[in-house]
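Coordinate analysis (summary)
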Amino acid sequence: MIQRIQTLYLVLAAGISAGLIFVFHLWLNNEGVKVFALDNYTYLGLFLASALLAVISIFSFKNRKFQFVLGRLNIILNFILLGIFVYQSQNLSGETNVSEKGIGIILPIFSIVCLVLANKAIKKDEDLVKSVDRLR
């Protein structure tokens, strides 16, 4: 079952969360310096936790319910990460630390899309197995 379409979606989500954070910057600060996820351990930890959940979900293909739950947890984690980025870019203190947003801020959105597609495929597989079990 590791050759299923949800594996491709989960690999894409893990690649986005673990690989692209080193390529794309999150924003430019007031001095014009690019800020990457590596510069803040909270962002780095959340991105790597998302990638780890996706990898664990890939290798738990025998337990589809657990795989589905891990996908949901990963979606929630990416929404938290996206919320932190939105809060950081819309700083409430009056002084902005973000002068120009980078493409790295929307990486959690791409990851969420991949995870939703993976969960949809996992649900489809689970429904197929249940329908075959009813025929026995």
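Residues numbered from 1 in each chain as written. Predicted model: local features only at pLDDT ≥ 70, side-chain atom pairs only at ≥ 80, totals over all residues. Heavy atoms only, no water.

Details of the packing of aromatic side chains
Selection rule: For Phe, Tyr and Trp, rings pair up if their centres lie within 6.5 Å, where Trp contributes its six-membered ring, and each pair is then called stacked (planes under 30 degrees apart), edge-to-face (over 60) or tilted (otherwise). A run of H or I in DSSP counts as a helix once it spans at least four residues, and a run of E counts as a strand once it spans at least two, with each numbered from the N terminus. To sort residues, take the accessible area from a 1.4 Å probe on protein chains only and compare it with the maximum for the residue type: under 20% means buried, over 50% means exposed, and anything in between is partly exposed.
Under the criterion given, the structure shown has four aromatic pairs. Relative to Tyr43, the ring of Trp27 has its centre 5.8 Å away and its plane inclined at 85 degrees; by these criteria the two rings are edge-to-face. Here Tyr43 lies in helix H2 (residues 41-58) and Trp27 lies in strand S1 (residues 27-28), a separation of 16 residues in the sequence. Side by side, Trp27 and Tyr43 carry an identical accessibility label, which is buried. On the numbers, 5.9 Å between centres and 40 degrees between planes, the contact of Phe47 with Phe85 is tilted. Remark: Phe85 occurs in helix H3 (residues 64-89) and Phe47 occurs in helix H2; sequence separation between them is 38 residues. Taken together, the ring pairs connect Trp27, Tyr43, Phe47 and Phe85 into an aromatic cluster.

Description of the side chain of Ser60
Note the threshold: The contact rule is simple, with two residues in contact once any of their heavy atoms fall within 4.5 Å.
Residue position: Ser60 is located in the loop between H2 and H3. Under the relative-accessibility criterion, Ser60 is labelled buried at 11%. Residue contacts for Ser60: discarding those within four places in its chain leaves Phe66, Gln67 and Leu70.

Topic: the nonpolar core
Side chains of a nonpolar character, in soluble globular proteins, are inclined to be buried together. Rule in force here: The set of buried Ala, Val, Leu, Ile, Met, Phe, Trp, Tyr and Cys residues whose side-chain atoms join them within 4.5 Å is what this entry labels a nonpolar core.
Ranked by size, the top nonpolar core spans 25 residues in total, and within it Ile21, Leu26, Trp27, Ala37, Tyr43, Phe47 and Phe85 carry the most contacts. At the level of secondary structure, the elements contributing two or more residues to this core comprise helix H1 (5-18), H2, H3 and helix H4 (107-135). Top element by residues in this core is H2. It accounts for six residues.

Here we look at H1
An α-helical turn contains 3.6 residues, so a residue and the one three or four places further along point in the same direction. The condition is simple: An expected span of 1.5 Å times one less than the residue number is assigned to each helix.
Its 14 residues place the ends of H1 20 Å apart at the C-alpha level, agreeing with the 20 Å of an ideal helix rising 1.5 Å per residue. Turning to H1, its buried residues are Gln6, Thr7, Leu10, Ala13, Ala14, Ile16 and Ser17.

Observations concerning the side chain of Glu126
Turning to its location among the elements, Glu126 is positioned in helix H4. Since its relative accessible area comes to 15%, Glu126 is described here as buried. Once you skip the residues sitting within four places of it in the chain, Glu126 turns out to touch Arg64 and Lys65.

With respect to a nonpolar patch on the surface
So the rule is basically this: Each patch is built from residues that are more than 30% exposed by relative accessible area and take part in no salt bridge. Like charges join if they lie within 9 Å; nonpolar side chains (Val, Leu, Ile, Met, Phe, Trp, Tyr) join within 5 Å. What sets the accessible areas is the Shrake-Rupley method with a 1.4 Å probe; for residues, cover comes only from the shown protein chains. Salt bridges are counted wherever a side-chain nitrogen of Lys or Arg sits within 4 Å of a carboxyl oxygen of Asp or Glu.
Nonpolar side chains collect at one region of the surface, where Phe22, Val23, Phe24, Leu38, Ile103, Ile106, Ile109, Phe110, Val113 and Leu117 lie side by side and expose about 810 Å² of accessible area between them. The exposure class assigned to Phe22 is partly exposed, which follows from its relative accessible area of 44%.

Section: the packing of H2 against H3
What counts here: Each axis is a line fitted through C-alpha atoms, taken for helices only over the stretch in contact, and angles between the N-to-C directions span 0 to 180 degrees. Angle categories are assigned with fixed cut-offs, so that under 35 degrees is roughly parallel, over 145 is roughly antiparallel, 65 to 115 is roughly perpendicular, and the rest are oblique. The sense of a crossing depends on the near helix, which, turned anticlockwise from the far helix by less than a right angle, makes the crossing left-handed and, turned clockwise, makes it right-handed.
Packing of H2 against H3 leaves a shortest axis separation of 9 Å and a crossing angle of 165 degrees. Accordingly, the angle class assigned to the pair H2 and H3 is roughly antiparallel. In the packing of H2 onto H3, the handedness of the crossing is left-handed. Counted together, Tyr43, Leu46, Phe47, Ala49, Ser50, Leu53, Ala54, Ile56, Ser57 and Ile58 of H2 and Gln67, Leu70, Leu73, Asn74, Leu77, Asn78, Leu81, Ile84, Phe85 and Gln88 of H3 form the full contact between these two elements.

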